[in-house]
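Survey of secondary and tertiary structure
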Amino acid sequence: MSKAFASQADLEDKKITFEQLSPHCWAYTAEGDPNSGVIIGEKYIMVSDATATPAMARDLIAQIRKISDKPIKYVLLTHYHAVRVLGASAYAAEGATEVIASRGTYELIVERGAQDMQSEMERFPRLFRGADSVPGLTWPTMVIGDGKPGRQGSLEIDLGGVKVQIWHPGAGHTRGDTIAWVESEKVLFSGDLVEYEAGVYTGDAQLEEWPTTLEALRDLKAEYIVPGRGEAMKGNADVNKALDYTKRWVTTLFQAGKEAAAANMDLKDAMAHTRKSMDPVFGHVFIYEHCLPFDVSRAYDEAKGIKNPRIWTAERDKEMWAALQG
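Residues numbered from 1 in each chain as written. Predicted model: local features only at pLDDT ≥ 70, side-chain atom pairs only at ≥ 80, totals over all residues. Heavy atoms only, no water.

1. Quick notes on the packing of helix α5 (residues 236-262) against helix α6 (residues 267-282)
We apply this condition: What counts as an axis is a line fitted to C-alpha atoms, over the stretch in contact for a helix, and the angles between N-to-C directions run from 0 to 180 degrees. Think of it this way: any DSSP run of H or I at least four residues long counts as a helix, any run of E at least two long counts as a strand, and we number them from the N terminus. If an angle is under 35 degrees, it is roughly parallel; if it is over 145, roughly antiparallel; if it lies from 65 to 115, roughly perpendicular; otherwise it is oblique. Handedness of a crossing follows from how the near helix is turned relative to the far one, being left-handed for an anticlockwise turn of less than a right angle and right-handed for a clockwise one. Should any heavy atoms of two residues lie within 4.5 Å, those residues are considered in contact. Note on residue categories: nonpolar means Ala, Val, Leu, Ile, Met, Phe, Trp, Tyr, Cys or Pro, charged means Asp, Glu, Lys or Arg, and polar means any other residue, Gly included.
Contact geometry of α5 with α6 gives a least axis separation of 8 Å together with a crossing angle of 160 degrees. Our classification of the angle between α5 and α6 gives roughly antiparallel. Remark: the crossing between α5 and α6 carries right-handed chirality. Contact residues: α5 offers Tyr 245, Arg 248, Trp 249, Thr 252, Leu 253, Ala 256, Glu 259 and Ala 260, while α6 offers Ala 270, His 273, Thr 274, Ser 277, Met 278, Val 281 and Phe 282. Of the residues belonging to the contact of α5 with α6, the class tally is nine nonpolar, four polar and two charged.

Quick look at the structure:
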């Protein structure tokens, strides 16, 4: 029996949790839905990941306004995916003057932002309720770095009483992934570079580099992490659990993709082959069945030497889904 496309059958609202992790850092999480992070200084506020729509962003803003009236001056795009960035316009009325992204993220918006917006709106109807409030693509006002991984070209922002370091630690979930690191409080906002007990979407990933990037994050020795999906992790041991979870997903998936490519399987057989190693470990987690066909498609492509991920369009999404989940 064919499975409902992507997350079109997922229409039940999730429970929102807005919790304080440290003196200046909060996590906005929702049972496996995309997370956001909040850093509140004495002068300004930064939001990491803007949510999918201005309508959805207004709920996060309402949570922030319960505890602070400071301007939400900075919005960080950890990567380019529509479900993370299209809510950014809502923050302008709250004082936002800067939308920050890495060079790689900016280039991906130019290259495929419009296609990604249409694609994700069809994949996630619940998250894109109120999509008519989206004015268009979100463009950064501050572009940091030169696309190369590491702290060269990093940005440090003083919010008043707390400093936030922002840089591109390496490719993984996309080639432009960006983190926010509050070193004084050991809090890491990772975006979708790290997930925990939720599907790890790799449809636009750099799978070969991703484990190295995760180890660069591990070297920070964070005590708290706000992952892209899943609960905020507290204590270095639990931070490492989230890193290990993501690394296991990525390496298991890519190994299966390499085996399928080496055996010259077609994509449907590659999906069946990948399920043998993925289903027993990850089959129970939120949006697993949504992520897996996109993930298998990318793993197979990368194993075949396609380094720059092919652009997902709404049409390509449906064709792939019919072939692999039909």
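2. Quick word on empty space enclosed by the protein
Note the following rule: Cavities and pockets were defined on a 1 Å grid built from protein atoms only: a cavity is a group of points that admits a 1.4 Å probe but offers it no way out, a pocket is an open group of points flanked by protein on both sides within 12 Å along at least five of seven lines, and a lining residue is one with an atom within 4 Å of any such point. Grid points are joined across faces, edges and corners, and a volume is the space filled by probe spheres set on the points.
Evaluation of the coordinates by the stated rule reveals eight cavities of 30 Å³ or more. Computed from the structure, the largest cavity encloses a volume of approximately 130 Å³. As for the largest cavity, its lining consists of 15 residues, and the residues nearest its centre are His 81, Val 83, Phe 124, Tyr 201 and Arg 229. Put simply, the parts of the chain that give the lining of the largest cavity at least two residues each are α2 (82-85), α3 (103-123), β11 (187-195) and α7 (288-303). Partitioning the lining of the largest cavity into residue classes produces five nonpolar, four polar and six charged. Roughly 80 Å³ of volume is contained in the second largest cavity. Among the secondary structure elements, those contributing two or more residues to the lining of the second largest cavity are α3, β8 (150-158) and β9 (163-168). Ranked by residue count, the leading element in the lining of the second largest cavity is β8, at four residues. Counted by class, the lining of the second largest cavity contains two nonpolar, ten polar and four charged residues.

3. Describing the sheet that holds β11
Test applied: Each pair of strands is called paired provided DSSP finds at least two bridges between the two strands.
As summarised here, the arrangement of the six strands in space is β8-β9-β10-β11-β12-β13, forming an open sheet in which the pairing is mixed. On the outer flanks of this sheet lie β8 and β13 (233-234), each paired with one strand and no other. One ladder, built from three bridges, connects β9 with strand β10 (residues 179-182); its direction is antiparallel. Paired with Trp 167 across the strands is Ile 179, a residue of β10. Sheet contacts for helix α4 (residues 210-218): β10 and β11; angle to β11, the most-contacted strand, approximately 165 degrees. The strands that α5 touches are β11, β12 (224-229) and β13; relative to β11, the one it contacts most, it runs at about 20 degrees.

4. So, the sheet that holds strand β5 (residues 72-76)
If you walk across this open sheet you meet the seven strands as β1-β2-β3-β4-β5-β6-β7, and the pairing is mixed. Looking along the sheet, the strands with just one partner apiece sit at the ends: β1 (17-20) and β7 (142-144). Direction aside, the axes of adjacent strands within the sheet are offset by 20 degrees on average. For β5 and strand β6 (residues 98-102), the ladder comprises three bridges, and the chain directions are parallel.

5. Brief notes about the layout of surface pockets
Computed from the structure, the largest pocket encloses a volume of approximately 330 Å³. Taken together, 21 residues line the largest pocket, and the ones lying closest to its centre are Ile 16, Asp 33, Met 56, Arg 126 and Leu 127. Among the elements of the structure, β2 (25-30), β3 (33-40), α1 (54-65) and α2 are those that each provide at least two residues to the lining of the largest pocket. With four residues, β3 is the largest single contributor of residues to the lining of the largest pocket. For the lining of the largest pocket, the per-class residue count stands at nine nonpolar, four polar and eight charged. In this structure, the second largest pocket encloses a volume near 160 Å³. Along the wall of the second largest pocket there are 14 residues; nearest its centre are Ala 6, Ser 7, Ile 287, Glu 289 and His 290. Per element, the largest residue contribution to the lining of the second largest pocket is three residues, and it comes from α7. Residues belonging to the lining of the second largest pocket are distributed by class as follows: eight nonpolar, three polar and three charged.

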